[in-house]
Each structure stands twice: as C-alpha cells, then as structure tokens.
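The chain contents come next:
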Amino acid sequence: VSGGGGKGGRGQKRKRGAGGGKGPNNDLHRIVKLIMTRNLNPVIVFSFSKKDCEKYALELKREDYTDEVEKDLISQVYSNAIESLSEDDRTLPQVEALLPLLKRGIGIHHGGLLPILKEIVEILFSEGLIKCLFATETFAIGINMPAKTVVFTNTRKWDGKEIRWVTSGEYIQMSGRAGRRGKDDRGVVIQMMDEKMEPAVCKGILYGDPDPLNSSYKISYNMLLNMLRVEDVDPEYLLRASFHQYQQESEAPGLEAQADQAEAEANAIEVVPGGKEEDVAAVGEYYGMDKQLLLIQRKMMKIQRRPEHILPFVQAGGRLIDVTIDGENYGWGVIVRYRRKAGTGTAGSAGKMAKNTEGPVHNLDVLLPCVDRNFDDTSPIAEARREEDLANLGLLWRGTARHCRPATPSDSPKIISMREFTVGLDSIDRISAVRLYIPQDTHPPENRKNVLSSVKTVLQRFPDGIPLLDPVKDLKIKASDFTKLL
C-alpha cells in the first residue's frame, strides 16, 4: 500500500524540466519501476478515469520495457491491424500517439479508444508484449486477460451519482486479474491510498460479499411471436432452461419453509385461551365489525374534510387537529395559519396554470410534536455529532415528513420539538373543539416550546379524549350520504 494516489510525493524537490508532480519520481512511477525490477510484470494499473489512464501512461514515456525483437513484433501487429483503416483515420491523434507507447511495452485501454486500437492492445497484452497496461474498470469485465500484478490508483470512483468507495464485487473483479493460472504461484495486488480509510470500510471491500447476480430475463410478446415463426422452438422449454427460472426454483424450498413456519405459528396462536369454537367465531366477528367501523369513520371524516364544512373552523389559528402525513400519525397539533393556493382559474392562462399546479388548494401550517430522523441514526459518525444536533435543535422550525417522524412515549423529551408542517385538508384525522392561544411569531424556540407545553396540558385535562366538533351541530353537515353513514 502506497500513499499519494498517483500524485507527486510531498516534500520532494522539483527537478528542472520534470514538471513537479508529473516527473519520474512520483509514487506510481516508483511502484511500476519496483515491479519491473522484481520481475512482477506484466502489470495492470486500474484507474477510474480515462484521462488519468493516458496521463499516467505518458509519465512513463521515457521508460522502455521491451527489446528490439519485441519492438519489431509490436510494429508488425500494429501495421497489419491499421491497414483496415482509411488514410484519414490513420492520421488521427490517438492512432499516431499509441504506437510509440506500445513499442516501449506500455499500453492504454479504455472506452474512449477506437475499437481496433483496443483490439490491438488486447492482442499484444495476451502475447506478453505489453508489460504495463493502464486500463479502466471495463478491462476486468468480459475479457480473460490476467496479469502477474494489479495496481489500484484509487479506492473511490464516480458511479454517475456520487464519488463512492469501490464495492467488494468490483474489487474482486479487478484484483482477480492478478495471478496467471499455470504461470504464477501467486498474484500481487497493490492498493494506492490518498486518504484515510476506516477499518470497517477496508474490511467491507476486502472481505465483503460479492455483488449478487440476479437474472433480469423476461419473455415479451414480441419474443414469443418471433419464436412461433421458427420451427422446433419451444417457448416453454426456453423459459424452463433460463437462469431466471433456475433462480426461482432454487429459492422455492426456502419460501415453502417460511410459509410452513408462518402457518405453524398461526396455528399455535390461541385467540381465546381455553375457549371454544364459538368464542373464536365471536372474536372473528368482532374483528370484522371493528374493521367495518373504521371504514365508516374514514368515510365520515372524508365528508367532514370538505371545504364547505371544515374551512370556517381552520381559518383561525390555535385550533387543535389530529394529523396524519404519509401514513404516519403525528397526533394533536396546533393550527398556525391557513393559506389558499394562488390562482382561481381567472386572469387568463396565468391564473389557470396557477390553479392546475400540483398540491392541495387549501393549506394549513400546523405545529406538530416530532423527532428529527437524524436521532435514529446510530452510526459512529452520527453519535459523534449528537451533542451538536441537540444544541441546534431549537433553531430548526420547519418540519417535513421526510426529515421528521412522529414523537413516541419512549422518546426522550430532549429530542422532541414542535415544528411547523404544511399539510392539506386530507391530512386531518380529527378536529377538536379546543382552541389555544398561540403567539404571532412561532419561529422562536421558546414560543414553540410554550405551545408544546400547552398541548400537553390539554391532553392531561382531558384524559378520556379531547372533545371534538360535532359534525351535525357544529359543522352543519346535512348531506344525505353522511346521514346514512351516521
């Protein structure tokens, strides 16, 4: 393992004409020189950047790892191969620049090269004429080109979304190129490091499980029709012989065992300990009635949430409402303000666009007791910043379901805070007859803390449940569908 990640070593004096970190004394150059001195070639140097592959190869342009006979063989293979190219293509910069490197025993292989050039490099490497090959990760996939030594210039890669550590499967795929069957007693893998790596990350890369291999084989209607046109082709046999079907059948015994275990656990449950079949039937009937009652209550609440019924009671702040967001019940909260979405369909196309934008027409800003989801993270990094999160807890006044979860009785009071959520009328489960005094500005931590204390006082005052608005007397609902449910 070497430090530096292919960059020039610190503390080295620049030589004239050496270009600083790009001179012959950089870490990668020393590693390659050591490999050649100890006869550990051929070597594959994996880099996760096409640009770096070419840069590292050009840094070795003064080195020469081949004799005259090998140079003549390389020139012959190269000349014969590029004869298939047109005269204009032969003058491309990458075509002309590759031959001098190949004659010195240095190769480059990445997705930016012409296919004919990649094929030349693969042929020369398989014949042992390339001693040092700079390649990207694609060289380790689908090509049987082992070497005696493998060097990694970095342990992080860009995967299209973020720069992350290489996975165990990627490391196994690339490091597995080290060691040729029947030629080498062992393969050598050198990992260059340019940053600190935690032991857990290192263990995961070296000893982690390989990436799972799952079949995505699917038979489409178009494929079926094409197979029916061909004689002696059985689509059912094709499906049975596929790797996808093999995976499904191999998982079947485990799924059957889980089903048997679940059935055994269900049979072992005593619905009524020591009871008779009539008691069990009565419990089942009660459960069905309870589900039916819950369904009716939801239908009734859906009618109560209609704007013509509920708006007069939510436009003023201080009302207590029971809120559920994305299937999570946050309990009783306090309405801070009511807002109606701009755009009524008038004022031409601009008004229509404002009206048709996604989101509810009627919005409520509600203070709800919640816990930041960061406090559920038990990783060492999260634990290290726990004190800082607690100190900054009062400064955060805006809440979202993505970042905050409902508070539970088991949560410490230190991590519970009141935050302002924006919800629609559909998020209201119950609307109470109780209104609280709230300050005009609810952003200061102390004001929100006082509101939380007031909510707790109301809950203690009504241990049997906070009084709710009567749908008929208060909300004045006279709809026939509601009367039928009632």
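Residues numbered from 1 in each chain as written. Predicted model: local features only at pLDDT ≥ 70, side-chain atom pairs only at ≥ 80, totals over all residues. Heavy atoms only, no water.

**Let's talk about the packing of helix α3 (residues 68-82) against helix α6 (residues 115-126)**
Packing of α3 against α6 leaves a shortest axis separation of 10 Å and a crossing angle of 150 degrees. Taken together, the axes of α3 and α6 lie roughly antiparallel to each other. Crossing hand, α3 versus α6: right-handed. Contacts between α3 and α6 involve Ile74, Val77, Tyr78, Ala81 and Ile82 from the first element and Ile116, Leu117, Ile120, Ile123 and Leu124 from the second. Split into classes, the residues belonging to the contact of α3 with α6 amount to 10 nonpolar, no polar and no charged. (Axes fitted to C-alpha atoms, helices over the stretch in contact; angles between N-to-C directions. Helix = DSSP H or I, 4+ residues; strand = E, 2+ residues; numbered from the N terminus. Parallel < 35°, antiparallel > 145°, perpendicular 65-115°, else oblique. Left-handed = near helix turned anticlockwise from the far one by under 90°. Contact = heavy atoms within 4.5 Å. Nonpolar A, V, L, I, M, F, W, Y, C, P; charged D, E, K, R; others polar.)

**Quick look at the layout of surface pockets**
Each pocket or cavity is described by its volume, and for the largest pocket that value is around 490 Å³. Taken together, 15 residues make up the lining of the largest pocket; nearest its centre are Gln297, Arg298, Met301, Asp429 and Arg430. When residues of the lining of the largest pocket are traced back to their parent elements, those giving at least two are α12 (277-304) and β14 (428-435). The element best represented in the lining of the largest pocket is α12, accounting for seven residues. Split by residue class, the lining of the largest pocket holds seven nonpolar, two polar and six charged. (1 Å grid on protein atoms, 1.4 Å probe; cavity = no way out; pocket = protein on both sides within 12 Å on 5 of 7 lines; lining within 4 Å. Points joined across faces, edges and corners; volume = space filled by probe spheres on them.)

**Concerning the pattern of salt bridges**
With the rule as written, the count across this model stands at 21 salt bridges. Here Glu236 makes a salt bridge to Arg240, at a shortest N to O gap of 3.8 Å. Taken together, the residues span about one helical turn, with Glu236 and Arg240 both in helix α10 (residues 235-240) at a distance of four residues. Look at Glu236 and you get exposed, because its relative accessible area is 55%. We note a salt bridge from Arg405 to Asp411, for which the minimum N-O separation is 2.9 Å. The pair formed by Arg405 and Asp411 is uniform in burial state, with each residue classed as buried. In this structure, a network of salt bridges that share partners links the residues Arg337, Arg339, Asp365, Arg398 and Glu420. (Salt bridge = Lys/Arg side-chain N within 4 Å of Asp/Glu carboxyl O. Buried < 20%, exposed > 50% of the residue type's maximum accessible area, 1.4 Å probe, protein only.)

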